[in-house]
Amino acid sequence: MRVDSLDFLRCPYCGGRLSLVDSLFHRASGDEIHDGILGCHCCIFPVVDGIPVLHLQTAATAARDHVQAGRPELARRAMFGLDDDRLSDAFEAVAASPVSTYRDIVDALGPAFEGGYFLYRFSDPTYIVAQAVVRATAAAVLGGTRRAIDLCGGSGHVTRSLLGLSSPPPVLADLYFAKVWLARRFTAPGCEPVCVDGNAPLPFARGAFGLAMCTDAFMFIWTKRQFVGEMARLIDGQQIPGALLIGHAHNERVWSPSHGNPLTPAAYADLFETIEPRLFAEAGLFADVIGGGRLDLSRRDGADVLDRDPALTIIATRHPGVFAPHALPPLAPALGEFRINPLYAIEDGDGGRARLRLRFPSDDYEQEYGACRQYLPDEITVERSVIDALPTRVAAGPLADLARRRIALDLPKRYY
Ligand SMILES: [Zn+2]
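Residues numbered from 1 in each chain as written. Predicted model: local features only at pLDDT ≥ 70, side-chain atom pairs only at ≥ 80, totals over all residues. Heavy atoms only, no water.

Considerations on the coordination of the zinc ion
Logical step 1: For the zinc ion, the full set of protein donor atoms is Cys-11 (SG), Cys-14 (SG), Cys-40 (SG) and Cys-42 (SG), and the range of their distances to it is 2.2 to 2.3 Å.
Logical step 2: Classification of the site at the zinc ion as tetrahedral follows from its four donor atoms and the range of 103 to 115° in their angles at the metal.
Logical step 3: Donor residues for the zinc ion, ordered by position in the chain, follow C-x2-C-x25-C-x1-C. On the criterion of sequence distance, the pair formed by Cys-11 in the segment before β1 (19–20) and Cys-42 in the loop between β3 (32–39) and β4 (44–48) is long-range, its members being 31 residues apart. (Donors = N, O, S within 2.8 Å, 3.2 Å for Na, K, Ca; no water. Tetrahedral: all angles 85-135°; square planar, octahedral: opposite > 155°, others 65-115°. Helix = DSSP H or I, 4+ residues; strand = E, 2+ residues; numbered from the N terminus.)

Okay, here's the thing in structure tokens:
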């Protein structure tokens, strides 16, 4: 972690500033803290492999004891949740290899790790809406100089869409160490990862952010009222208004896979005590995104439209630039590298051509994300030379067409 991150980190329980306890075991160099103990007025927290762990769950307290005893490698083991020595050794060999991919490391974390469908995240319908809404909102409110935070951001797929929009790097907060560790290495390189319990007060200073967001996770938070109050605190008191964004919150009125503990649209709105939110039915935003022209955040969806949509996007802001139509960005050079979408199998076709065939990892995936058929064709034939030229940073000619159709994706380096 960067030493200057201590400017915006606070103890979740006493609200006090945190500082490195010099008298206890630590490894630091220049402006980076690799391992050590952070102290406030009331307790101490470990920094494990450069990631501050600001909660007191079982693994965190075990890791703290290991760091205090000068055993940072055991602290990391505890945070990865690999109790079995054989599994741990195998995982550490994969993690230590510079050529390991995101997929290799998820596989090495074993079945206990909620790897799920993250490999396919960059083209799923939920993601493409979140990416567009987050980029439009962040570009409007951050002004290139303010910081954003992605709360419960998992392994950083949506955090990735914040990279390059502002000079201070985005903060990625999640309960699970393995996820934010993966994000820093692959999915959102340069982000500031922090381990945080979303059901506790958030360990950040008032007004430290221009954008506080949470996508595809809010229905799993039990303390929803506290969470929204905390998000509002994080963007409070700035001269230019910030924004609070909750993406893909399931609707209690409509069943959906991995339902969580959702609320009705009206109940979500009631959580906001200091600022009136605007709710969007995700179907309308999805139609905008696959239409490819503009994302219209000036729309006002009526109660009937909200009530029948399985998922909602909620934005609260007094910034004048957010509730407006936003042009969707044109195809740009890759942040990582263009490769074929992992949902496609590549087969040999006739006469030096390749056949790409859409195939889903499971029936469950197809049921949850089948709407991707609206933009991903079942089958397409391309010149083999287009595939052979991958990975590449710039998409031109036929590759640009594949990229616009999400058959080729701008993926993190060494993703799969
Ligand atoms: Zn404290």
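Section: the pattern of salt bridges
Logical step 1: On inspection of all chains with the given rule, the structure shows 27 salt bridges.
Logical step 2: Here Asp-288 and Arg-299 are joined by a salt bridge, their closest N and O atoms 2.8 Å apart. Of the two residues, Asp-288 is situated in helix α10 (residues 282–291) and Arg-299 in the loop between β12 (294–296) and α11 (303–307); the sequence distance between them amounts to eleven residues. Like Asp-288, the residue Arg-299 is buried in the burial classification.
Logical step 3: Here the salt bridges do not stand alone but share partners, grouping Arg-77, Asp-85, Asp-89 and Glu-92 into one network. (Salt bridge = Lys/Arg side-chain N within 4 Å of Asp/Glu carboxyl O. Buried < 20%, exposed > 50% of the residue type's maximum accessible area, 1.4 Å probe, protein only.)

Quick look at the nonpolar core
Logical step 1: Of all hydrophobic cores here, the largest spans 94 residues; its most connected members are Leu-109, Phe-177, Leu-182, Leu-211, Leu-295 and Leu-402.
Logical step 2: Per-element tally for this core: the top contributor is helix α5 (residues 125–142), with eleven residues.
Logical step 3: Leu-20, Cys-40, Phe-204 and Phe-272 belong to the second-largest nonpolar core, a separate cluster that totals 48 residues. (Core = buried A, V, L, I, M, F, W, Y, C linked by side-chain atoms within 4.5 Å.)

Overview of the pairing of strand β16 (residues 344–348)
Logical step 1: As paired strands, β16 and strand β17 (residues 353–358) are joined by five bridges and run antiparallel to one another. The residue of β17 that forms the bridge with Ile-346 is Leu-356.
Logical step 2: Hairpin remark: β16 followed by β17, antiparallel, with four residues in the connecting loop; positive phi at Gly-351, about 55°. (Pairing = 2+ DSSP bridges.)

Function-wise, these values are silent; they only describe arrangement.
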